[in-house]
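# Reading the structure
Each chain is listed here by its residues.
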Number of protein chains: 2
Amino acid sequence: MDSVMRREMEGFKTLTNLDKALQTLAEVLKNYEKKGLEIVPLLESIGRICGEDISAPFDIPSFDRSAVDGYAVYAEDTFSASPSNPVELRLVGCLKPGEDPALIKISRGETVEVMTGAPLPINANSVVMAEDAKRVKADLIEVYKQVHPFQNVSRKGEDFRRGEIVIRKGARIKPWHIGALASFNIETVKVVLKPRVGILSTGSELVELGSDLKPGKVVNSSKVMLKALIYSCGGEPVDLGIVEDDVDSIVEKILNGIKTCDVLVTTGGTSVGRGDLVPDAVNQIGKVLVHGIAMRPGKPTGFGIVKGKLVFMLSGFPVASLIGFNLFVKPVIEAMLGTVSEPSIKVRGRLNRRVASLSGMRSFVRVRVIKNGDGYIIEPLMLTGSGLISTLTEANGLLVIPENLEGYDEGEEVEVELFDPIIFTGHNEDRR
Amino acid sequence: MDSVMRREMEGFKTLTNLDKALQTLAEVLKNYEKKGLEIVPLLESIGRICGEDISAPFDIPSFDRSAVDGYAVYAEDTFSASPSNPVELRLVGCLKPGEDPALIKISRGETVEVMTGAPLPINANSVVMAEDAKRVKADLIEVYKQVHPFQNVSRKGEDFRRGEIVIRKGARIKPWHIGALASFNIETVKVVLKPRVGILSTGSELVELGSDLKPGKVVNSSKVMLKALIYSCGGEPVDLGIVEDDVDSIVEKILNGIKTCDVLVTTGGTSVGRGDLVPDAVNQIGKVLVHGIAMRPGKPTGFGIVKGKLVFMLSGFPVASLIGFNLFVKPVIEAMLGTVSEPSIKVRGRLNRRVASLSGMRSFVRVRVIKNGDGYIIEPLMLTGSGLISTLTEANGLLVIPENLEGYDEGEEVEVELFDPIIFTGHNEDRR
């Protein structure tokens, strides 16, 4: 074992393989309680998770309507029509969009003028386009072209048939779902309650945002970022404050937190020097399932169960806590919501320098993806440094190096996940 | 000109090429007024557009701190250290994270025990890892390995140097930006005000969501969807109601709307049968720049300028209005915000059936992207039917067919934009 590996292992008898850790989590999630539902106004449901299958309460269109401007007819009346041998029809009225179709009915040999979107009069089964007919008298038109039944008609139920599913349970509600539900005059939606995610920060050096920053102190920025992350993936962050580096205090805070939260996230207090405070606390009142994962950054990441609730132990360092959150906490929030992740954006490009990784560890490297002609340049930022949040604000992508590789060479093509717009070398105009 | 093309052209002397229409819009946007700024609490700034370059007010880390558990030393004192020839140092104290570094200083031959994250004591320039030293007496340690200056130290300013840009004007604020700003104890951010986008709906058949749906009437679902779209891309929707199919009434509503809105969106009243009501109204009080675009759906789309403000004329049909919104209105909102679009997700796959398109028109085809082994199947939904919102709720992607093609063959590989998670043929477990 080389010295780097020895150092990586320090304090952890064994590091759990990342996939194995995720598998352990997936097992727990199989029986993890899903959230209940709440009713919200339609427009406020955007981005929330639909709590039930919603089926169409009626057909849409709810009546046969004209797809063109023209004349509603019995198709059969037009079968012999041609430019040289037009069919004459008696004009008995006009229907505009929004008017009640029951207002007018036609008999054979009759027609009604209709505008696009207007309902068909009773008995009409098709529409002759305005350009294929001519008004020859006030109450008479000539038709120059035959139409077949239901030609130029948007049929009742053509878009949605009554009883058809409009949106499924578990779908993330998008603007077009809202449009579709509005078509059915649906004003409220049952959505899944937001999972409550408690955040408990450990670290004697931490002070709250806005505090007086005395020498040696640092702002608890990981907590603020975690709150934003929890919001972003549909959870509700619950601030459990900062707890001192003391097992009994941590135990008390965790026990209090799980009373009102569905899942708990702790930061800090999991590396060896800090005395494994959080894992010790979790083991006193529950059971640590995973602690120490073969990943960089985020090696001290772990999780356990306390009184049936998941407690995640994330690094106190911002980048490590972000990666730990995305790998472990986000899937739990989604599972409680009964939904799946939004698709992620992948881009392939060539590395502009070598990037080394430790065999046996999965590495998450922040990169800058830069547009270069038709391709992309991938520039790796700091490989180490779990605390370097600047690598996140400078990066727009993440490169994952699997355990069986020792890195990638300069010029090698890799796929990265994009989390911010691509950086352009050219002019601003090229940006789209 | 074939009959389909003739029908497509109906009522429009010429259809404007889509790129040309977008170019016309880009010209207008060069001088379009940007929005001002407002100050919001840090956590509420998520997703908003940063209104100014924010530079680091101090170094981060703000002090040299230990990256490991061990002993802070003069590196020079360890230069001869080896397992067989350890160096003895006098232990003069201990520093924990959060403690003031000014509490302790060391002289040559002295050391201070430090935990990860603790500040270095005055004069120390490096840290010997705990495993490379041994405490042999209460106040004496032996060092077995030399360290070079600043080894195992996170240097002051290593993450951010004072004055360095943390987030740039125009960036969409993400959780990691919030984390970085929090590190600097920054509690509020100047963000760009949300552009106010007025929505004016025309159509005598329309009723508001929640109204009594009499025969022939339809809910104004496009408006509800547009509101959700405007929210989603950072604007503030302003509901200007439904206006009757009458030019004077439309003129009045537009004039009123632009008093309080930055941009206006109208729906309906732009196709020929409805008498070009909105274009006529716009031309009475301003100038229509584009009306009738060579695209499907959304041919009657257009825009003009009234008293310096952009007025967009979208189709009243949901799908056409969605596509018109994304092509024309979203870029205006982003321009007023001074930002660029989030990256879109592209997927390549094979079409499972032929999809036809009209040469000279750009077509936007809703598709279902289905995972199939290692690849993707692209299933085109209805090509025509600008009103068929079910093609949006059933689709998860959009295929764009350029003007110079007449479609794609079955089995052809195409690239589509993904707007919802990919559909899996397998089990739910495979979904990630």
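Bear in mind that the values here come from a model prediction, so they are computed numbers and not experimental data. (Residues numbered from 1 in each chain as written. Chains lettered and ligands numbered in written order. Predicted model: local features only at pLDDT ≥ 70, side-chain atom pairs only at ≥ 80, totals over all residues.)

## What about the overall build of chain A?
Basically, it comes down to this: Only DSSP runs of H or I reaching four residues or more are called helices, and only runs of E reaching two or more are called strands; each is numbered from the N terminus. For the radius of gyration, the atom set is restricted to C-alpha positions; the globular benchmark scales as 2.2 Å times the number of residues to the power 0.38.
Scanning chain A from terminus to terminus reveals 8 helices and 29 strands. The globule rule puts the C-alpha radius of gyration for 432 residues at 22 Å, and the 32 Å found for chain A is more than 25% above it. Across its three principal directions, the C-alpha atoms of chain A cover 95 × 55 × 40 Å.

## Thoughts on the domain arrangement of chain A
Accessible area lost when the parts come together is the quantity often used to give the size of an interface. The following threshold applies: Here the bounds of each domain stem from an automatic or database domain assignment.
Partitioning chain A into domains gives domain 1 (3–36 + 194–337), domain 2 (37–60 + 158–192), domain 3 (65–154) and domain 4 (345–431). Computed from C-alpha atoms alone, the centre-to-centre distance between domain 1 of chain A and domain 2 of chain A is 35 Å.

## Some thoughts on the relation of the copies chain A and chain B
Think of it as a corkscrew move, a rotation about one axis and a shift along it, taking one chain copy to the other. Let me state the cut-off plainly: Least-squares superposition of the copies uses the C-alpha atoms of those residues scoring a pLDDT of at least 70 in each of them. Working definition of a contact: two residues with C-beta atoms, positioned from the backbone, lying within 7 Å.
Rotating chain A by 180° and translating it 0.0 Å along the rotation axis places it on chain B, where the RMSD comes to 0.0 Å. Classification of the inter-copy transformation places it as that of a two-fold axis. Measuring from the rotation axis to each C-alpha of chain A, the shortest distance belongs to Ile345 of chain A, at 2.6 Å. When you check the interface residues of chain A against chain B, 100% turn up at the interface there too, and the contact is symmetric in its surfaces.

## Considerations on the confidence of the model for chain A
Residues and elements named next belong to chain A. Note the threshold: Here pLDDT means the predictor's own confidence in every residue, given as a number from 0 to 100.
Summary statistics for chain A give a mean pLDDT of 90 and a share of 92% for residues scoring 70 or more. Per-residue pLDDT stays below 50 along residues 1–10; that stretch engages in 9 contacts with residues further than four places along the chain or on separate chains. Low pLDDT, under 50, characterises residues 426–432; the predicted model gives this stretch 4 contacts beyond four residues in sequence or across chains.

## Observations regarding the nonpolar core
The following threshold applies: Take the buried Ala, Val, Leu, Ile, Met, Phe, Trp, Tyr and Cys residues, join any whose C-beta atoms are within 7 Å, and the set you get is a nonpolar core. Any residue surrounded by 20 or more other C-beta atoms within 10 Å of its C-beta is treated as buried, while 12 or fewer makes it exposed and the intermediate range makes it partly exposed; C-beta atoms here are placed from the backbone.
Leu181 and Phe312 of chain A together with Leu181 and Phe312 of chain B are the most contacted members of the largest nonpolar core, which has 206 residues in total. Residues contacting Phe312 of chain A, with those up to four places away along its chain left out, are Leu264, Val265, Thr266, Phe303, Phe328 and Val329 of chain A.

## Examining the packing of helix H4 (residues 221–232) of chain A against helix H7 (residues 318–337) of chain A
Residue and element names in this part refer to chain A. Quick note on the threshold: Orientation is described by axes fitted as lines to C-alpha atoms, over the contacting stretch for helices, and by angles from 0 to 180 degrees between their N-to-C directions. Note that the term roughly parallel is reserved for angles under 35 degrees, roughly antiparallel for angles over 145, roughly perpendicular for angles of 65 to 115, and oblique for everything else. The sense of a crossing depends on the near helix, which, turned anticlockwise from the far helix by less than a right angle, makes the crossing left-handed and, turned clockwise, makes it right-handed. Throughout this entry, Asp, Glu, Lys and Arg are counted as charged residues, while Ala, Val, Leu, Ile, Met, Phe, Trp, Tyr, Cys and Pro are counted as nonpolar. The remaining residues, Gly among them, count as polar.
Orientation of H4 relative to H7, taken along the N-to-C sense of each, is 25°, at an axis distance of 10 Å. Considering their axes alone, H4 and H7 lie roughly parallel with respect to each other. Like other packed secondary-structure pairs, H4 and H7 cross with a definite hand, here right-handed. In contact with Ser221, Ser222, Met225, Leu226 and Leu229 of H4, H7 contributes Pro318, Ser321, Leu322 and Phe325. By residue class, the composition of the contact of H4 with H7 is 6 nonpolar, 3 polar and no charged.

## A word on helix H3 (residues 175–183) of chain A
Counting buried residues along H3 of chain A, 9 of its 9 residues qualify, which places the element largely inside the surrounding structure. All of the buried residues in H3 of chain A are Pro175, Trp176, His177, Ile178, Gly179, Ala180, Leu181, Ala182 and Ser183 of chain A.

## Some remarks on the sheet that holds strand E6 (residues 110–114) of chain A
Residue and element names in this part refer to chain A. Defined as follows: For two strands to be treated as a pair, DSSP must find no fewer than two bridges joining them.
Read across the open sheet, the 6 strands follow the order E7-E4-E6-E5-E9-E8; overall the sheet is mixed. Across the chains shown, the open sheet's two edge strands, defined by having one partner strand only, are strand E7 (126–129) and strand E8 (133–137). Averaged over all pairs of adjacent strands, the angle between their axes in this sheet comes to 40°, without regard to strand direction.

## Description of the sheet that holds strand E17 (residues 263–267) of chain B
Residues and elements named next belong to chain B. Spatially, 6 strands are ordered E16-E13-E17-E21-E20-E18 in an open sheet, and the strand pairing comes out mixed. Since the sheet does not close on itself, it has two edges, and those belong to strand E16 (236–243) and strand E18 (287–291), each with one partner. Pairwise comparison of adjacent strand axes, ignoring direction, gives a mean angle of 20° for this sheet. Against the sheet, helix H6 (residues 277–285) touches strand E13 (196–202), E17, E18, strand E20 (302–306) and strand E21 (309–314), its axis set at about 145° to E18.

## Details of the interface of chain A and chain B
The interface is formed by 77 residues belonging to chain A together with 77 residues belonging to chain B. When residues of the side of chain A that touches chain B are traced back to their parent elements, those giving at least two are strand E11 (165–167), H3, H4, H7 and helix H8 (390–394) of chain A. In terms of residue count, H4 of chain A provides more of the side of chain A that touches chain B than any other element does, 9 residues in total. Classifying every residue of the side of chain A that touches chain B by side-chain character gives 38 nonpolar, 21 polar and 18 charged.

## A word on helix H5 (residues 247–260) of chain B
Residues and elements named next belong to chain B. Quick note on the threshold: The span one expects for a helix is its residue count, reduced by one, times 1.5 Å.
In this model H5 runs 21 Å from its N-terminal to its C-terminal C-alpha over 14 residues, within 8% of the 20 Å that 1.5 Å per residue would give. Among all positions in H5, only Ile250, Val251, Lys253, Ile254, Gly257 and Ile258 are buried. Looking at the buried positions of H5, the neighbouring elements they touch are E13, E16, E17, H6, E20 and E21.

## As for the pairing of strand E9 (residues 140–143) of chain A
Residue and element names in this part refer to chain A. Along E9, the buried face is formed by Ile141 and Val143; none of Leu140 and Glu142, which line the opposite face, is buried. For strand E5 (residues 87–95) and E9, the ladder comprises 4 bridges, and the chain directions are antiparallel. From the neighbouring strand, Glu88 faces E9, where its bridge partner is Glu142. With 4 bridges connecting them, E8 and E9 associate as antiparallel partners.

## What about unusual backbone geometry?
All names here are of chain A. Note the cis peptide between Ile60 and Pro61, where omega equals -5°. Take Pro61: it is sitting in the loop between strand E2 (54–55) and strand E3 (65–66). Following Arg296, the chain continues into Pro297 via a peptide bond in cis, with omega recorded as -10°. Mapped onto the secondary structure, Pro297 falls in the loop between strand E19 (295–296) and strand E20 (302–306). Its identity as a non-glycine residue notwithstanding, Lys307 has a phi of 50°, on the positive side. Examined against the element boundaries, Lys307 turns out to sit in the loop between E20 and strand E21 (309–314). According to the C-beta neighbour criterion, Lys307 is exposed, with 11 such atoms within 10 Å.

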